[in-house]
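Residue strings, one per chain:
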Amino acid sequence: MAKVTIDGVEVEVADGTTILNAARQIGGDLVPPAMCYYSTLKDSGGKCRVCLVKVTAGSAKDPRPMPKLVASCRTPVMDGMVVQNITSPEVLEARKGVVEFLLLNHPLDCPVCDQAGECDLQNLAYEHGAAKTRYEEDRRTFEKIDIGDKIKLHMTRCILCYRCTYVADQLTPERVHGVLGRGDHSEISTYIAKAVDNDYSGNMIDVCPVGALTDKTFRFKSRVWFTNPMDAHRDCPKCSGKVVLWMKGEEVLRVSARKDQYGEVKEYICNECRYDHKNVKDWTVEGPRHIDRHSVIAQGHYERADLITLKKEIERQIEFEKGKPLPEPNPSLTA
Amino acid sequence: MQALTNRSKVVVKKQMNFWERIYLPAILGGIVITIKHLFRKSSTVKYPETKREISQIWRGQHVLKRDEHGAERCTACGLCAVACPAEAITMVAAERVKGEEKLYREEKYASTYEINMLRCIFCGLCEEACPKEAIFLTDRILPTDYGRGEFVFGKDKLVEPVDERVDVTVRQTAAVLEFKKHKQYSHNK
């Protein structure tokens, strides 16, 4: 076990835990944002640099500070380590710079993009970025590519987090897409436009932090904040079958996996659940999905609760806002 | 019974006298008032022959702008609809196909765009929310009608005709005009 202090909060975590995961065990504002790290994907992280933190004391044995800011998703904690995240102006300044770099080539076509409203980069830029860009050059542009018949790739929006390639590597039997080229020229692509079609390829859409990989069956159907997200499940022989139905009236516009408060999918779903069951009758609807009230999706989204269960629900949401994992929902709420 | 306020008055049913009973003085008094008003300056105008002067920032009927090449600016992002406090705006998005680049500015456009003018409160939040400078409120006064259906304005009434542009320069704030001067802030490169 290692004792680590993050922003003045002390926490004891298992050896080998990264600083990011130690911060997530504390929860709240001091959790560094992450665009490429994904807890359920092995080896992810270390690419986007938004989770940079300052280590003011390396360990109890060697309390010298680390010379540079470190990526918290890749740095394991040491006993007696002291970390500064939001209390360090240097970190906030660096993060602002990283956001500016991520946005250099990002087209900012949010009004067109289907990811708008649930986009990690949008949230990150809103919280940490500067409102104006200093970049005067032309942005890099790519043609849109169809990856299979269900996924659309907008390479212009990609921030090269590599999450989707890890999904293909770790969830599907063979990976047929990857990053081609180097440096400024790197792009996600398939080899000679080879189609990605295997049972779990649709999860690339969910792990994509931006709108680079989007669901073609949902393309331009509706903005997410006009849909009504409902938790639902079905007996699926291939996957857990636990999904979110994005509904408009009685119509299911999109099916996606459930994301936790850090936007990470814990239980991946198969393509059959995602694409082939766009009918409410195929699903057992559990009830409205809990949406953070700061999200634009919470606009016009109501979660049913009677007064007795409301108190428990508020306590549950307070836990959620602290960044703790969402406790089990009230059975009466999902009835 | 105790009065709830001190403003209550006790009603007295007084007997009218002779002059009051024949009503003639009261009627004549009324006629005199009517005749007086005939020679006063009228407080209404005869719209549409004469039009009342309106403020420069009057918020009237909406317009969906086209860009300098005549392509529709609206990209159906839904921000006007989410900003609308009266929930008057609905839209359906569609993808632009090859060959329609002259018609629509971005790869997505609104295939239907409707404003229910009976719900609209002309607050102007839609034009404030619009990231594409597509919707503006103009100085045009909304026409009246006999039925309710006519007040749901579709794209046929909202989009400005190519040869008959609607001038909205007065609606663009100084901050927006200043922003547009700097090329590096532009998102559409």
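The structure presented is a predicted model; accordingly, all values stated were derived computationally and were not measured. (Residues numbered from 1 in each chain as written. Chains lettered and ligands numbered in written order. Predicted model: local features only at pLDDT ≥ 70, side-chain atom pairs only at ≥ 80, totals over all residues.)

1. Side note on the sheet that holds strand β6 (residues 145-147) of chain A
All names here are of chain A.
- The strand order across the open sheet built from 3 strands is β6-β7-β10, with neighbouring strands paired in antiparallel fashion. Strands at the two margins of the open sheet, each flanked by one partner only, are β6 and β10 (213-215). If you compare each strand with its neighbour and ignore which way they point, the axes differ by 35° on average. (Pairing = 2+ DSSP bridges. Helix = DSSP H or I, 4+ residues; strand = E, 2+ residues; numbered from the N terminus. Axes fitted to C-alpha atoms, helices over the stretch in contact; angles between N-to-C directions.)

2. Considering the sheet that holds strand β12 (residues 242-248) of chain A
Residues and elements named next belong to chain A.
- Taken in spatial order, the 4 strands of this open sheet run β13-β12-β11-β14, and their pairing is antiparallel. Pairing within the sheet leaves two strands with one partner each, and these edge strands are β13 (251-257) and β14 (284-288). Averaged over neighbouring strand pairs, the angle between their axes works out to 35° when direction is ignored.

3. Here we look at helix α3 (residues 120-128) of chain A
- If you check which residues of α3 of chain A are buried, you get D120, L121, Q122, L124 and A125 of chain A.
- The secondary structure elements touched by the buried residues of α3 of chain A are α2 (89-104) of chain A. (Buried ≥ 20, exposed ≤ 12 C-beta atoms within 10 Å, placed from the backbone. Contact = placed C-beta atoms within 7 Å.)

4. Structural notes on the interface of chain A and chain B
- With 17 residues of chain A in contact, the opposing surface of chain B contributes 16 residues.
- Taken together, the residues of the side of chain A that touches chain B sort by class into 8 nonpolar, 2 polar and 7 charged. (Nonpolar A, V, L, I, M, F, W, Y, C, P; charged D, E, K, R; others polar.)

5. Describing the nonpolar core
- Residues M35, V50, C51 and M204 of chain A are the most contacted members of the largest nonpolar core, which totals 54 residues.
- Broken down by element, this core gets its largest block of residues, 5 residues, from helix α1 (residues 19-26) of chain A.
- Taken domain by domain, this core gets at least three of its residues from each of domain 1 (2-90) and domain 2 (105-129 + 140-218) of chain A.
- Not counting the four nearest positions on each side in its chain, V50 of chain A is found in contact with P33, A34, M35, R95, V98, V99 and L124 of chain A.
- Core analysis: the next-biggest nonpolar cluster, separate from the first, contains 26 residues, V63, L79, C126 and F136 of chain B among them. (Core = buried A, V, L, I, M, F, W, Y, C linked by C-beta atoms within 7 Å. Domains from an automatic or database assignment.)

6. Topic: the pairing of strand β1 (residues 2-6) of chain A
Residue and element names in this part refer to chain A.
- Judged from the 5 bridges that link them, β1 and strand β2 (residues 9-13) form a sheet pairing that is antiparallel. When the sheet's bridge partners are listed, A2 is paired in β2 with V13.
- Turn length for the β1-β2 hairpin, with the two strands adjacent in sequence and antiparallel, is 2 residues, and the turn residue D7 shows positive phi of about 50°.
- Alignment of β1 against strand β5 (residues 81-84), held across 3 bridges, turns out to be parallel. Residue T5 lies in a different strand from β5, and its bridge partner there is V82.

7. Considering the packing of α2 of chain A against α3 of chain A
Residue and element names in this part refer to chain A.
- As a packed pair, α2 and α3 sit with axes 10 Å apart at the nearest point and diverge in direction by 135°. Regarding the angle of α2 to α3, the classification is oblique. Crossing of α2 against α3: the hand is left-handed. On α3, the residues touching R95, K96, V99, L102 and L103 of α2 are L121, L124, A125 and H128.
- A class-by-class count of the residues in the contact of α2 with α3 yields 6 nonpolar, 1 polar and 2 charged. (Parallel < 35°, antiparallel > 145°, perpendicular 65-115°, else oblique. Left-handed = near helix turned anticlockwise from the far one by under 90°.)

8. Topic: unusual backbone geometry
- Of note, the amide linkage connecting Y47 of chain B to P48 of chain B takes the cis form, showing an omega dihedral of 5°.
- Note on placement: P48 of chain B falls in the loop between α2 (24-38) and β1 (62-64).
- Phi at R49 of chain A takes a positive value of approximately 65°, unusual for a residue other than glycine.
- On the secondary structure map, R49 of chain A appears in the loop between α1 and β3 (52-57).
- Located in the positive-phi region is Y23 of chain B, a residue other than glycine, with phi close to 65°.
- One can find Y23 of chain B in the loop between α1 (18-22) and α2.

9. A closer look at the UniProt feature "binding site: [4Fe-4S] cluster 1" (unreviewed entry) in chain B
- The sites that carry the UniProt feature "binding site: [4Fe-4S] cluster 1" (unreviewed entry) are, in the present numbering, C74, C77, C80 and C130 of chain B. In terms of the greatest pairwise C-alpha distance, the residues named above, spread along 57 residues, form a tight cluster of at most 10.5 Å across.
- The topology assignment puts C77 of chain B in the loop between β1 and α3 (79-83).
- Judged by local crowding, C77 of chain B falls into the buried class, with 25 C-beta atoms found within 10 Å.
- Dropping the residues within four chain positions of it, C77 of chain B is found in contact with P111 of chain A together with P131 of chain B.
- Examined against the element boundaries, C80 of chain B turns out to sit in helix α3.
- Exposure remark for C80 of chain B: the 25 C-beta atoms within 10 Å place this residue in the buried category.
- Excluding residues that lie within four positions of it along the chain, C80 of chain B makes contacts with I89, C126, A129, C130 and I135 of chain B. (UniProt positions renumbered as here; feature names shortened; annotations may be inferred.)

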